[in-house]
Amino acid sequence: MSGFKYQGPIVLAIMDGVGIRASKRGNAVLRAHTDFLCHALTHHYALPLAASGEAVGLLPGTMGNSEVGHNTIGAGQIPKQGIARIQTAFDSGDIWLSKAWQDAIKQVKKNNSTLHFSGIFSDGQVHSSIDHLFAMIKEAHQLGIKRIRVHAVLDGRDVAPQSAEIYLQKFQKFINTFPDQPDYKIASAGGRMVFVADRYESDWSIVEAGWRAMVEGKAEYQFEDPNTAIASLRAKNPNLQDQYFPPFVISENNQPIGKIKSGDSLIYFDFRADRAVEITEAFTVTKFTHFKRGKFQPESIYFAGLSEYDSDRHLPKNHLVPPLKIANTLNQFLASKQISQLAISETVKFGHITYYFNGNSYTKAKNEKHIELPSDQLPFNQRPWMQSAQIADQVIANLEKFDFIRVNFPGGDMVGHFAELEPTILALEAIDLQLARIAKEVDRLGGAMIITSDHGNAEELIDSHGNPKTSHTTNPVPCIFYDNTLNTKRRSISRLKKPGLANLAATITVMLGATDYPSSWQAPLIRPKSS
């Protein structure tokens, strides 16, 4: 049995997108007035945790993200995931042997039709990689596919905010390497925040805009080529970030060049699920109610995802890389010990604190409850406090009802993605106020709170060239043990060589009195002293 004896709950507070960086330049974390966090850092045990690259199952040097961060925290282990898992399939050639790839090619050859691709069009490696798109186009060319259309979801979030031109140039340069000049073209495009890539059902009109451009050839704008589209729209608004680019289709003689038609194949090349699952539903679900699809029938095309995007509903049915399976998750282990648990966040991070935290599953464990608060529809830089107060209200209202509460405050990440210093500072100050409120009640009940993050972002809003930086970082994240109980005298610091997010699950269980955590887990950051 553990030597820890808490009268109150253990709270895991995840400040999404808050990393550690020494320089104040472009650092909203250091520039924010966060009295509570500053006091906690100086009066409680704290350490940095690795939250990128190999520490979260990614390739070395790859920035972390919310999906893999929550996966790793909730799994207690480091599964190979994200781009690392997908890259293995490409490097080995296993992807070309998958039934989904072979069937997508067969469909196009059989019908003399078009192979379509869609996904986030960059090398950000958070949701996708343009190199994967190029690899699939190259393989399709070798297999004799004559006509390919790409429906590009412009990024500007995991890469530089105005970099669409770079990726269009890369695409054209790649296509020009084929000596037979095949009919491979961009057919439609739009920014990820307004075109195709909604998540957590925040705004289905985003999905509808993408679907109508792809299937009906209808969009707000039409252009003769994508470069003209980017230049024209950028001229109208020089500050327009790629992620908010209005949808457009490419037309010749006033006719869209790339409508998805019966007998075609469509491969969605994101490997991450959250911004892929809704467009997957729009193309594959028969009883679909989120918008009208006219005479479209899902069975009329062959749809495949690079990976499975919903492990509970098995969407899509066809996927090129087998889904990641994570066993022995924290929520299931706590349930086996009859430990009650609650997950809370607002819509934009609700899936992370639930689905991803629970090993890519929407299924709740026994005695587990989830609370979702609706996110604002306005851009988050206009309301940077987001739902921080309402999230704290729910935490405080439930502290006496659950043994373990995990909560995600999205502001550092969601506001940080705008790469605007003042709004991000406000977001962090709002979170600090709410953490202070929660801490007061945790103290009253005799509990403790672990304050950490899933990846960096808000601490680095300007890149080395002085440009706005909207992407995540490879910086470590804080881990603060806010604990004013006598248990601090009963603990021993583990002194691990490379502590990371995977060490949190075992840490939480030993604080809750369960030391027989799964052997596959990483070691805890603290332990009870030997009696």
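As a reminder, the structure under discussion sits directly above these lines.
Every value quoted in this text rests on a predicted model; they were computed, and no experiment measured them.

Along the protein chain, the regular secondary structure elements total 17 helices and 17 strands. Against the globule reference of 24 Å for 531 residues, the protein chain gives a C-alpha radius of gyration of 24 Å, in line with a compact fold. For the protein chain, with 531 residues in total, the buried portion stands at 64%. Taking as baseline every contact in the protein chain between residues at least 6 positions apart, the subset at least 24 positions apart corresponds to 78%. Of the accessible surface of the protein chain, which amounts to about 20,800 Å², a share of 50% is contributed by carbon and sulfur atoms. Positive and negative charge centroids in the protein chain, built from 56 and 54 side chains respectively, lie 4 Å apart.

Assignment of secondary structure puts Thr114 in the loop between α6 (99–111) and β3 (115–120). A distance of 2.7 Å separates the side chain of Thr114 from the side chain of Arg147, its partner in a polar contact. If we skip the residues at most four places from it in the chain, Thr114 touches Val108, Arg147, Ile148, Arg149, Asp264 and Ser265.

Attention now goes to the sheet that holds strand β12 (residues 368–373). Strands sit in the order β2-β15-β14-β1-β13-β11-β12 across an open sheet of seven strands; the sheet is mixed. Whereas interior strands pair on both sides, the edge strands pair on one side only; in this sheet they are β2 (46–49) and β12. Neighbour-to-neighbour, the strand axes of the sheet open up by a mean angle of 15 degrees, direction not taken into account. Direction of pairing for strand β14 (residues 448–452) relative to strand β15 (residues 477–482): antiparallel, over a ladder of four bridges. Along β15, the bridge assignment pairs Met449 with Tyr482. Along the sheet, helix α13 (residues 347–356) makes contact with β1 (10–15), β11 (341–346), β12 and β13 (404–409), crossing β11 at roughly 150 degrees. Its contacts with the sheet put helix α16 (residues 421–445) on β1, β13, β14 and β15, and the angle it makes with β14 is roughly 160 degrees.

Counted by the stated rule, this structure contains 25 salt bridges. A salt bridge links Glu67 to Arg272, with the shortest nitrogen-to-oxygen separation between them at 3.9 Å. Residue Glu67 is located in helix α3 (residues 66–75), and its partner Arg272 is located in the loop between β9 (265–268) and α11 (277–284); the two are separated by 205 residues in the primary sequence. Accessibility expressed as a relative area gives 10% for Glu67, which makes it buried. The partner of Asp242 in a salt bridge is Arg234, and the shortest N-O contact between them spans 3.0 Å. As far as the burial class goes, Asp242 and Arg234 line up, both buried. Overlapping salt bridges bring together Arg147, Arg149, Asp183, Lys185 and Glu252 as one network.

Burial analysis of α3 places ten of its ten residues in the buried class, the great majority of the element. Structurally, the start of α3 carries an N-cap: the backbone nitrogen of Glu67 is 3.0 Å from a side-chain oxygen of Asn65. Of the residues one or two after α3, Gly76 is the one with positive phi, at around 70 degrees.

Let us look at the packing of helix α14 (residues 388–398) against α16. Between α14 and α16, whose axes approach to 9 Å, the crossing angle comes to 10 degrees. What the angle tells us is that α14 and α16 run roughly parallel. Here Ser388, Ala389, Ala392, Asp393, Val395 and Ile396 of α14 come into contact with α16, specifically with Ala430, Ile431, Gln434, Arg437, Ile438 and Glu441. The residue makeup of the contact of α14 with α16, split by class, is seven nonpolar, two polar and three charged.

Right, let's get into the nonpolar core. One finds Phe117, Phe121, Ile137, Val150, Phe283 and Leu320 to be the most contacted residues of the largest nonpolar core, which totals 84 residues. Judged by nonpolar contacts, the second largest core, of 38 residues, contains Val68, Leu330, Ile508 and Trp521.

It is worth spelling out the packing of helix α9 (residues 204–216) against α11 at this point. Where α9 contacts α11, the axes come no closer than 10 Å and their chain directions differ by 50 degrees. Classified by the angle between their axes, α9 and α11 sit oblique to one another. Seen along the crossing, α9 lies across α11 with a hand that is right-handed. Across the interface between the two elements, Trp204, Val207, Trp211, Met214 and Val215 of α9 pack against Glu278, Ile279, Glu281, Ala282 and Phe283 of α11. Grouping the constituent residues of the contact of α9 with α11 by class yields eight nonpolar, no polar and two charged.

Cis rather than trans, the peptide bond between Leu315 and Pro316 has omega equal to -10 degrees. We note that Asn254 has phi near 65 degrees; this positive angle belongs to a residue other than glycine. For Asn254, the location among the structural elements is in the loop between β7 (248–252) and β8 (255–256). According to the relative accessible area criterion, Asn254 is exposed, its value standing at 64%. For Met386, which is not a glycine, the phi torsion comes out positive at approximately 50 degrees. Relative to the helices and strands, Met386 resides in the loop between β12 and α14.

Another aspect to go through is the packing of aromatic side chains. Under the criterion given, the structure shown has 25 aromatic pairs. With a centroid separation of 5.6 Å and an interplanar angle of 75 degrees, the aromatic rings of Trp204 and Phe288 are classed as edge-to-face. You can see Trp204 sitting in helix α9 and its partner Phe288 sitting in the loop between α11 and β10 (302–305), a full 84 residues away along the chain. Overall, Trp204 belongs to the buried group, its relative accessible area being 11%. With relative accessibility at 12%, the residue Phe288 sits in the buried group. Aromatic pair Phe283 and Phe296: ring centres 5.9 Å apart, planes at 80 degrees, arrangement edge-to-face.

Given 3.6 residues per helical turn, the α-helix brings residues three or four places apart onto the same face. Among the eight residues of helix α17 (residues 504–511), eight are classified as buried, and the element is accordingly described as predominantly covered. Of the residues making up α17, those classed as buried are Leu504, Ala505, Ala506, Thr507, Ile508, Thr509, Val510 and Met511. The first or second residue beyond α17 is Gly513, which carries a positive phi of 95 degrees.

Attention now moves to the pairing of β3. Every other side chain in a regular strand lies on the same face of the sheet, so the side chains alternate between the two faces. Counted residue by residue, β3 has six buried out of six residues, so it is predominantly covered. Sheet topology places β3 next to strand β4 (residues 147–154); six bridges connect them, and they run parallel. The partner of Gly119 across the bridge, within β4, is Ala152. In this fold, β3 hands off to helix α7 (residues 130–142), which returns the chain to β4; that crossover is right-handed. Two elements, β3 and β9, share four bridges in a ladder whose sense is parallel. Its bridge partner lying in β9, Phe117 is registered against Ile267.

Conventions we followed
- Residues numbered from 1 in each chain as written.
- Predicted model: local features only at pLDDT ≥ 70, side-chain atom pairs only at ≥ 80, totals over all residues.
- Heavy atoms only, no water.
- Helix = DSSP H or I, 4+ residues; strand = E, 2+ residues; numbered from the N terminus.
- Rg over C-alpha atoms; globule rule 2.2 N^0.38 Å.
- Buried < 20%, exposed > 50% of the residue type's maximum accessible area, 1.4 Å probe, protein only.
- Contact = heavy atoms within 4.5 Å.
- Areas by Shrake-Rupley, 256 points an atom, 1.4 Å probe, with all protein chains shown as cover.
- Lys, Arg positive; Asp, Glu negative; His and termini not counted.
- Charge placed at Lys NZ, Arg CZ, Asp CG, Glu CD.
- Polar contact = N/O pair within 3.5 Å; in protein donor to acceptor, adjacent residues only side chain to side chain.
- Pairing = 2+ DSSP bridges.
- Axes fitted to C-alpha atoms, helices over the stretch in contact; angles between N-to-C directions.
- Salt bridge = Lys/Arg side-chain N within 4 Å of Asp/Glu carboxyl O.
- Parallel < 35°, antiparallel > 145°, perpendicular 65-115°, else oblique.
- Nonpolar A, V, L, I, M, F, W, Y, C, P; charged D, E, K, R; others polar.
- Core = buried A, V, L, I, M, F, W, Y, C linked by side-chain atoms within 4.5 Å.
- Left-handed = near helix turned anticlockwise from the far one by under 90°.
- Phe/Tyr/Trp six-rings, centres within 6.5 Å; stacked < 30°, edge-to-face > 60°.
- Right-handed = clockwise from strand over helix to strand, strands pointing away.

Honestly, it's all geometry; don't read function into it.
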